[in-house]
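For reference, the chains in residue letters:
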Amino acid sequence: MKIAPSLLSCDFSKMGEEIVRMDKAGADWMHLDVMDGHFVPNITFGAPVIKTVRKYTDKPFDVHLMISDPLKYADDFADAGADIITFHVECDSDIDKTIDKIRSRGVKTGLVIKPNTPASAVFPYLDKIDLVLVMTVEPGFGGQSFMADMLPKVKEIKDECKRRGIEMLVEADGGIGEATIEQAANAGIDVCVAGTAVFKAENAAEAIAKLQSY
Ligand code: DX5
Ligand code: ZN
């Protein structure tokens, strides 16, 4: 299992050092949660901040946009050095145009589904995306409880991709830690985001290695 520590749980006053700490601890990707206070009831950081911390690691930057109009800002996040940009299928932008814009910048793209959104919402776009991110909490905040009832969506997505002969990564985000990762792994998840479980661990390297072992 690949592990992407969510910087949402880091000490924002030293974000660069926190990225170095996660890199050394063995993180596969860095997960950056961008919130606009409109799509979700919380505000974090945007492209200028991502650009300044890009130099602290060579690991892929997995940028999760929880914003209402990702099309408007896609170029900014590509310029900031994102390797993967995911945005919500529930957003206000035109989904096809947003996917096309991100891909035109040579950045991998993925669609995210909130807990109340069915897996089938991403089916029309499976041919042109690299990844589907299944939220296992309501987006907006770290430290919430894992929603195991989201896991059947993973099989639905994987089955549909197999039927169409498409390679697809499925990522899960929210409430993942030692107590919940086995269920995620059994459901077929390829990449798990982990905020609290990694940043608040006494030994981040041990915590990441344990999660990766599933
Ligand atoms: C929630 C974010 C998640 C979250 C994960 O909106 O997308 O990335 O911070 O944090 P934990 O692992 O603490 O649930
Ligand atoms: Zn996230």
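Quantities reported herein were computed from a predicted structural model and do not represent experimental measurements.

### With respect to the pairing of strand E6 (residues 131-135)
Most of E6 sits inside the fold, with five of its five residues counted as buried. Because side chains alternate across E6, one face comprises the buried residues Leu-131, Leu-133 and Met-135, and the other comprises Val-132 and Val-134, equally buried. Inspection of the sheet shows strand E5 (residues 108-113) paired to E6 by four bridges, in the parallel sense. By the bridge assignment for E6, Leu-111 is matched with Val-132. In this structure, E6 lies alongside strand E7 (residues 169-173), joined through five bridges in parallel fashion. Its bridge partner being in E7, Leu-131 is matched across the sheet by Leu-169. Handedness of the crossover joining E6 and E7 through helix H5 (residues 152-164) is recorded here as right-handed.

### Describing the site of ligand 1
Close to ligand 1 lie 20 residues, the nearest being Asp-33, Gly-140, Asp-173, Gly-195 and Thr-196. With respect to ligand 1, the side chain of Ser-6 contributes an N or O atom lying 3.3 Å from an oxygen atom. Within the backbone of Gly-195, an N or O atom sits 2.7 Å from an oxygen atom of ligand 1. Protein chains bury 99% of the 380 Å² of accessible surface belonging to ligand 1 in isolation. Going through the elements one at a time, strand E2 (30-35), strand E3 (61-66) and strand E8 (191-194) are the ones with two or more residues in the shell around ligand 1. Sorting elements by how many residues they give to the shell around ligand 1 places E2 first, with three residues. Residues that form the shell around ligand 1 fall into these classes: eight nonpolar, 10 polar and two charged.

### Thoughts on the sheet that holds strand E4 (residues 84-88)
An order of E1-E8-E7-E6-E5-E4-E3-E2 is seen for the eight strands of this open sheet, with the pairing classed as parallel. Two strands bound the open sheet, and with one partner strand each, they are strand E1 (2-5) and E2. Strand-to-strand twist across the sheet, computed as the mean angle between neighbouring axes with direction ignored, equals 25°.

### Quick look at helix H1 (residues 15-24)
Among all positions of H1, only Met-15, Gly-16, Glu-18, Ile-19 and Met-22 are buried. For H1, the angular spread of buried residues about the axis comes to 160°, placing them on one side. For H1, exposure combined with an orientation more than 90 degrees from the buried face picks out Glu-17 and Lys-24. Each element contacted by the buried residues of H1 is listed here: E1, E2, helix H2 (47-53), E3, helix H7 (196-199) and helix H8 (204-212). Just downstream of H1, Gly-26 is the residue with a positive phi angle, here 100°.

### Describing the pairing of E4
Among the five residues of E4, five are classified as buried, and the element is accordingly described as predominantly covered. Neither face of E4 is left uncovered, since the one carrying Ile-84, Thr-86 and His-88 and the one carrying Ile-85 and Phe-87 both have all their residues buried. Bridge analysis of E3 against E4 gives four bridges, and the strand direction is parallel. Bridge pairing in E4 links Leu-65 to Phe-87.

About the thresholds
- Residues numbered from 1 in each chain as written.
- Chains lettered and ligands numbered in written order.
- Predicted model: local features only at pLDDT ≥ 70, side-chain atom pairs only at ≥ 80, totals over all residues.
- Heavy atoms only, no water.
- Buried < 20%, exposed > 50% of the residue type's maximum accessible area, 1.4 Å probe, protein only.
- Helix = DSSP H or I, 4+ residues; strand = E, 2+ residues; numbered from the N terminus.
- Pairing = 2+ DSSP bridges.
- Right-handed = clockwise from strand over helix to strand, strands pointing away.
- Near = heavy atom within 4 Å.
- Polar contact = N/O pair within 3.5 Å; in protein donor to acceptor, adjacent residues only side chain to side chain.
- Areas by Shrake-Rupley, 256 points an atom, 1.4 Å probe, with all protein chains shown as cover.
- Nonpolar A, V, L, I, M, F, W, Y, C, P; charged D, E, K, R; others polar.
- Axes fitted to C-alpha atoms, helices over the stretch in contact; angles between N-to-C directions.
- Arc of directions from axis to C-beta.
- Contact = heavy atoms within 4.5 Å.

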